[in-house]
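So the chains spell out like this:
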Amino acid sequence: MSQPPFRRRDFLRSLVATVVVAGPIACEGGSMAPGVPIVPGDGGSGGGTPPPPPSTDEIFPQSVASGDPQPASFLLWTRVEPAAAGDEVPVEFVVATDEALTSVVAQGSLTAKAETDHTVRVKVTGQLSPGTHYYYQFKARGATSRVGRTKTAPAPDADATVRFAFASCQDFIGRYYHAWKALLDEASQAGKDLDFIVFLGDYIYETDGDPSFQTPGAARGVDLPVGKPLGDYRAATDVEDYRTLYKTYRGDRDLQAVHERFPFIIIWDDHEFANDSAGTRSSDKGDVTGPADEEREPARRLNATRAWFEYQPVDVEAPNAAAAPEQFKMYRRLRFGRHVELFMTDERLYRSGPLVPEGPANLAVGKVTTNSALGSHNLLLKAGYDPIETAAKPTMLGQEQKDWLVAGIAGSTATWKIWGNEVCLWQSVINLADFPQVPAPFNDLFYLSVDQWDGFRTERAEIFTRLAGVQNLVAVTGDVHSFYASELHVDFDAPAAQPVAAEFVVGGISSQPLQEAIRLVVEGDPTFKLLGLGPLVQNLDAILVEDNAPYLKHARTNVTGVAVVEVKAGSLETTFLQQRGDVTKPTYEGDVERTVFHCVAGSSAIVSGPAPSA
């Protein structure tokens, strides 16, 4: 479907129309006036018997969400289903200190318009109390949304314990979100409520049924309105495609439930645009049909960015269609009391393109197959790739963001500096010398993926060198559909006595676990079968820990799940909720394996077990 010209001024005007508040609290973009709370069904009618009011699910099919909490603000979001596609729909909202919405602190009106797919957002600001729960609701077309709950951040000088979850990778196609159920069960226990959730990317997947990792079914499928053919499946390309993906994913009741209960802090990874993307490069063609420049799709990148912004409660500037896509900024920092400062980075929009083309074979890096990601993005011979990377010095972050990150972490006064990071920082290698049938020169170390920080090892070393002396730096990471706990070093080939940081990596909410992905590759490639790599799959966790000693402390590659972090002045404790049930079936079995690690303030060493009591 074609779209009218996208003008930033009109886009911003459609986000927030008028805002009405009660008391001293203001809402960004509006005027102040007294008001009353929203009452379900108070729209009134003419003579005769009024028709039944429309249902919550009919008018608010994606429910509600909040995000980017600060001590004196948070952002609220919803989408309204219009009666007709081009309608402008008046929307009211109310914010209160109680779930019954009787102690109103702010309320106002907005307009949901077609140019933002009838999504609306409002940043509630003013004299909100730090570290406090607030409740909110929207009303439109005679229906009220579910009541959402959010929470402001503690004051910067507050000696507050901070408890948050982090998650990533929630493929919808043929899969269910049991991990969100596990998190809701965990957070419902006494003393285990969450302050917020960090989502580290792959909120959607751009394809409607990629057979390499997706199995579409009638109950869990997506019908892209336009789509880009890629063999037997399609990928999103038009803005309506990306909007359809968000609408479909956000229709999941388990995902809605966590959004309704906790504020989210969200960044993207690659699948919000295209697999293994870099800047405006989609990698869908992968240098197979022509030069690398054919992969550049700036219009598609803008469509993806526009839909992401419309559908996420993020406190960032709207994308500007008149500017280059790389000028959009979503990296940001948030402070939570005296002990936590969170740095969220963008590791896709500013990164260099891949150094090894997918097309031809390249034995220097162990690439024995043509027109494939094997040997270009995944499973590269370390001895062959490292000289290429050293000469090219590719960037993951871009200079401006890198300087922002390093300066921010180095200057932070928070006890714990937490880096919200999309792809693995720890060096992940497999030693194929352990498999006697592997011939030279392939009986050596292979990187699992150079789409991760292993592909940018020079910049990784630079960042950690510049952060020398910074204490209590911890990275929380997604992307790889596995759970890991690892200590980080400037040079992983010669680890120092003390690590410079710690990293905790979370498995996917529902996406295909790494062990399953590797199994399909090994069983489907005749060369790998000939080399007898079956034991690699069967013993992957143990092999990873052995081949990446001494820094890798834990590997669990065949489960889905989430992670929970509890931060105090003297310790940071991470609990992996490793969900072992079958996510391709709708029934949640509640089979969760818990693994706990901690770091003590002043040391980046990872210790097994709960943190000591203060």
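About the thresholds
- Residues numbered from 1 in each chain as written.
- Predicted model: local features only at pLDDT ≥ 70, side-chain atom pairs only at ≥ 80, totals over all residues.
- Heavy atoms only, no water.
- Helix = DSSP H or I, 4+ residues; strand = E, 2+ residues; numbered from the N terminus.
- Rg over C-alpha atoms; globule rule 2.2 N^0.38 Å.
- Buried < 20%, exposed > 50% of the residue type's maximum accessible area, 1.4 Å probe, protein only.
- Contact = heavy atoms within 4.5 Å.
- Disulfide = S-S within 2.5 Å.
- Arc of directions from axis to C-beta.
- Phe/Tyr/Trp six-rings, centres within 6.5 Å; stacked < 30°, edge-to-face > 60°.
- Polar contact = N/O pair within 3.5 Å; in protein donor to acceptor, adjacent residues only side chain to side chain.
- Core = buried A, V, L, I, M, F, W, Y, C linked by side-chain atoms within 4.5 Å.
- Salt bridge = Lys/Arg side-chain N within 4 Å of Asp/Glu carboxyl O.
- pLDDT = per-residue confidence, 0-100.
- 1 Å grid on protein atoms, 1.4 Å probe; cavity = no way out; pocket = protein on both sides within 12 Å on 5 of 7 lines; lining within 4 Å.
- Points joined across faces, edges and corners; volume = space filled by probe spheres on them.
- Nonpolar A, V, L, I, M, F, W, Y, C, P; charged D, E, K, R; others polar.
- Pairing = 2+ DSSP bridges.
- Axes fitted to C-alpha atoms, helices over the stretch in contact; angles between N-to-C directions.
- Parallel < 35°, antiparallel > 145°, perpendicular 65-115°, else oblique.
- Left-handed = near helix turned anticlockwise from the far one by under 90°.

Thoughts on the overall build of the protein
- A count of helices and strands for the protein gives 13 helices and 28 strands.
- Against the compact-globule benchmark of 25 Å for 614 residues, the protein has a radius of gyration of 24 Å, which places it among compact chains.
- Here the protein holds 614 residues, and the buried ones make up 60% of them.
- Put simply, of all contacts in the protein between residues at least 6 apart along the chain, 71% involve residues at least 24 apart.

Section: the state of the cysteines
- Applying the stated criterion across every chain, the model contains zero disulfides.
- With no disulfide partner, Cys 169 has as its closest neighbouring cysteine sulfur the one in Cys 424, 10 Å distant.
- Classification of Cys 169 as buried rests on a relative accessible area of 0%.
- On the basis of relative accessible area, Cys 424 is assigned to the buried category, the value being 1%.

Digging into unusual backbone geometry
- Looking along the chain, the bond that leaves Ala 440 and enters Pro 441 is cis, with omega of 5°.
- Within the fold, Pro 441 resides in the loop between strand 19 (429-431) and strand 20 (445-449).
- Here the residue pair Ala 549 and Pro 550 is connected by a cis peptide bond, since its omega of 5° sits within 30 degrees of zero.
- Take Pro 550: it is sitting in the loop between helix 13 (540-547) and strand 24 (552-556).
- The backbone of Cys 169 shows a phi angle near 65°, a positive value even though the residue is not glycine.

Observations concerning helix 13
- Of the positions making up helix 13, those classed as buried are Leu 540, Asp 541, Ile 543, Leu 544 and Asp 547. End-on view of helix 13: buried residues confined to an arc of 165°, all on one side of the axis. Of the exposed residues in helix 13, the ones pointing more than 90 degrees away from its buried face are Ala 542 and Glu 546.

What to know about the packing of aromatic side chains
- Applying the stated criterion to the full structure yields 26 aromatic pairs.
- Ring geometry for Phe 172 against Tyr 249: centres 5.4 Å apart, planes inclined by 35°, an arrangement best described as tilted. Placement of Phe 172 in the loop between strand 10 (162-167) and helix 3 (178-187) and of Tyr 249 in helix 4 (residues 239-249) is noted, with a sequence separation of 77 residues between them. Just as Phe 172 is buried, Tyr 249 falls in that class too.

Some remarks on the side chain of Ser 376
- By secondary structure assignment, the location of Ser 376 is in the loop between strand 16 (340-344) and strand 17 (378-381).
- The class for Ser 376 is buried, based on a relative accessible area of 1%.
- Among the polar contacts made by the side chain of Ser 376, one reaches the main-chain carbonyl oxygen of Ala 373 at a distance of 3.0 Å.

Some remarks on the nonpolar core
- The biggest cluster of nonpolar side chains holds 85 residues, and the ones touching the most others in it are Phe 166, Trp 180 and Phe 504.
- Not counting the four nearest positions on each side in its chain, Trp 180 is found in contact with Ala 167, Gln 170, Ile 197, Phe 199, Asp 254, Leu 255, Val 258, Phe 264, Ile 509 and Val 562.

Things to note about the pattern of salt bridges
- Overall, the coordinates contain 46 salt bridges when judged by the stated rule.
- Among the ionic pairs, Asp 315 bridges to Lys 123, the shortest N-O distance being 2.8 Å. Taken together, the residues Asp 315 in the loop between helix 6 (298-311) and strand 15 (332-336) and Lys 123 in strand 6 (residues 119-125) connect sequence positions 192 residues apart.
- A single salt-bridge network, built from bridges that share partners, covers Arg 163, Glu 186, Lys 192, Glu 566, Lys 568 and Arg 594.

Some points on the confidence of the model for the protein
- For the protein, mean pLDDT is 90; residues scoring 70 or higher make up 90% of the total.
- Low pLDDT (under 50) marks residues 1-25, which in the prediction has 88 contacts with non-local residues, meaning those over four places away or in another chain.
- Every residue in residues 286-290 scores below 50 in pLDDT, and together they form 11 contacts with partners more than four places removed in sequence or on other chains.

Comments concerning empty space enclosed by the protein
- Taken as a whole, this structure holds two cavities of 30 Å³ or more when the rule is applied.
- Its volume calculated, the largest cavity comes out at about 130 Å³.
- Along its surface, the largest cavity is lined by 18 residues, and Gly 353, Pro 354, Leu 355, Val 450 and Phe 456 are the ones closest to its centre.
- Its residues placed into classes, the lining of the largest cavity shows eight nonpolar, six polar and four charged.
- Of the voids in this model, the second largest cavity is the one considered here, and its volume is about 30 Å³.
- For the second largest cavity, the full set of lining residues is Lys 151, Thr 152, Ala 153, Pro 154, Asp 195, Phe 196 and Phe 336.
- Of the residues belonging to the lining of the second largest cavity, the class tally is four nonpolar, one polar and two charged.

Observations concerning the sheet that holds strand 18 (residues 416-421)
- Strand order in the open sheet formed by seven strands is 15-16-18-21-23-22-24, and the pairing between neighbours is mixed. Of all strands in the sheet, those bounded by a partner on one side alone are strand 15 and strand 24. Between one strand axis and the next, the sheet turns through 20° on average, direction left out of account.
- Across five bridges, the pairing between strand 22 (residues 483-488) and strand 23 (residues 501-505) is antiparallel. Across the sheet, residue Glu 487 finds its bridge partner in strand 23, namely Ala 502.
- The strands touched by helix 8 (residues 399-411) are strand 15, strand 16, strand 18 and strand 21 (473-477); relative to strand 16, the strand with the most contacts, the crossing angle is about 175°.

Some thoughts on the environment of Tyr 588
- Counting through the fold element by element, Tyr 588 comes out in the loop between strand 26 (571-579) and strand 27 (592-600).
- Of the residues examined, Tyr 588 reaches a relative accessible area of 21% and is grouped as partly exposed.
- Sequence spacing of Tyr 588 and Ala 179 is 409 residues, and the spatial spacing of their C-alpha atoms is 8.9 Å.
- In this view, Tyr 588 contacts His 178, Lys 181, Ala 182, Asp 185 and Gln 579; residues no more than four positions away in its chain are not counted.

Side note on the packing of helix 8 against helix 9 (residues 457-466)
- For the pair helix 8 and helix 9, interaxial distance at closest approach is 10 Å and the crossing angle is 30°. Of the possible angle classes, the one that applies to helix 8 and helix 9 is roughly parallel. Crossing handedness for the pair helix 8 and helix 9: right-handed. For the pair helix 8 and helix 9, the contacting residues are Gln 399, Lys 402, Asp 403 and Val 406 in the first and Glu 459, Glu 462, Ile 463 and Arg 466 in the second.
- Counted by class, the contact of helix 8 with helix 9 contains two nonpolar, one polar and five charged residues.

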